[in-house]
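Structural overview
Residues per chain, in single letters:
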Amino acid sequence: FPFRGMHFFASIQKAKRDVPDWKPKYSLLDGLRSSYLEDYVARGFDKKDPDLRTDQLILSKFMGGGNASVDEEIETGLSKERTADGSISLGQSVTWGGKQGTVRFIGDTKFAAGEWVGVELSAAEGMHDGNVLGVPYFVCKPKCGIFAQQAQLVSTKDKTVD
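Description of the structure in this document.

Another aspect to go through is the nonpolar core. Judged by nonpolar contacts, Ile88, Val94, Trp96, Val103, Ile106, Val117, Val119, Leu121, Ile146, Ala148 and Leu153 together constitute the single largest core of 11 residues. Considering each element in turn, this core owes the most residues, three residues, to strand E3 (residues 116-121). Apart from residues no more than four positions distant in its own chain, Val119 is found in contact with Val94, Gly101, Thr102, Val103, Arg104, Phe138, Cys144, Gly145, Ile146 and Leu153. Counting nine residues, the second-largest nonpolar core is a separate cluster that includes Val132, Val135, Cys140 and Cys144.

Okay, here's the thing in structure tokens:
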């Protein structure tokens, strides 16, 4: 379930390492149940088709060892070719807050509802490398990636770039 599962596992691992006498207040199952009700259902994700890739990735890492099929599934193309209204497409040059970039992702994300546009900025003036909360949406150099709403972007030319 988005977000809380990652914090839940990270907190338990840190507590076990840093505070030897610490005992979790909730079991793993109780924590996941709470995460499901307080995050997943509360944010309306239960109204969409479930996408459990992040959860599977977290569980596979928590249980020790990777899961190649989960990793491969996450790397597949989640992006749409164009925004819902067709005004922005993959590879298109855009500006965001006066910064030049290229559209590398369009679609739904795990971190927020709605359609998001992932942009690879020309300079390291961004926030990430296309990977957000452990989910790879696109690939770019560190600090060159941002996500924006379509309304925050200005097309700089009609041609697309590779």
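With that settled, consider the pairing of strand E1 (residues 92-96). Remember that side chains alternate between the two faces of the sheet whenever the strand is regular. With respect to burial, E1 is a largely interior element, five of its five residues being buried. By the alternation rule, side chains of E1 split into Gln92, Val94 and Trp96 and Ser93 and Thr95, which are all buried. Two strands pair when backbone bridges link them, and E1 and strand E2 (residues 99-107) are joined in this way by four bridges, in the antiparallel orientation. Opposite Val94, over in E2, you have Gly101 as the bridge partner.

Once that is clear, we can look at the pattern of salt bridges. Under the definition given, this model contains two salt bridges. Residue Lys80 pairs with Glu115 through a salt bridge whose shortest N-O separation is 3.7 Å. One end of the pair, Lys80, is in the loop between helix H4 (68-75) and E1; the other, Glu115, is in the loop between E2 and E3, with 35 residues separating them in the sequence. Judged by relative accessible area, Lys80 falls into the partly exposed class, the value being 38%. Accessibility expressed as a relative area gives 17% for Glu115, which makes it buried. Ionic pairing is found between Glu120 and Arg104, a salt bridge with its closest N-O pair at 2.8 Å. Residue Glu120 is found in strand E3, and its partner Arg104 is found in strand E2; the two are separated by 16 residues along the sequence. When its relative accessible area of 21% is taken as the criterion, Glu120 is described as partly exposed.

Scanning the model with the defined rule gives zero disulfides in all. In this structure Cys140 is a free cysteine whose sulfur lies 5.7 Å from that of Cys144, the closest cysteine sulfur available. Look at Cys140 and you get buried, because its relative accessible area is 11%. We classify Cys144 as buried; its relative accessible area is 6%.

Basis of the calculations
Residues numbered from 1 in each chain as written. Predicted model: local features only at pLDDT ≥ 70, side-chain atom pairs only at ≥ 80, totals over all residues. Heavy atoms only, no water. Core = buried A, V, L, I, M, F, W, Y, C linked by side-chain atoms within 4.5 Å. Buried < 20%, exposed > 50% of the residue type's maximum accessible area, 1.4 Å probe, protein only. Helix = DSSP H or I, 4+ residues; strand = E, 2+ residues; numbered from the N terminus. Contact = heavy atoms within 4.5 Å. Pairing = 2+ DSSP bridges. Salt bridge = Lys/Arg side-chain N within 4 Å of Asp/Glu carboxyl O. Disulfide = S-S within 2.5 Å.

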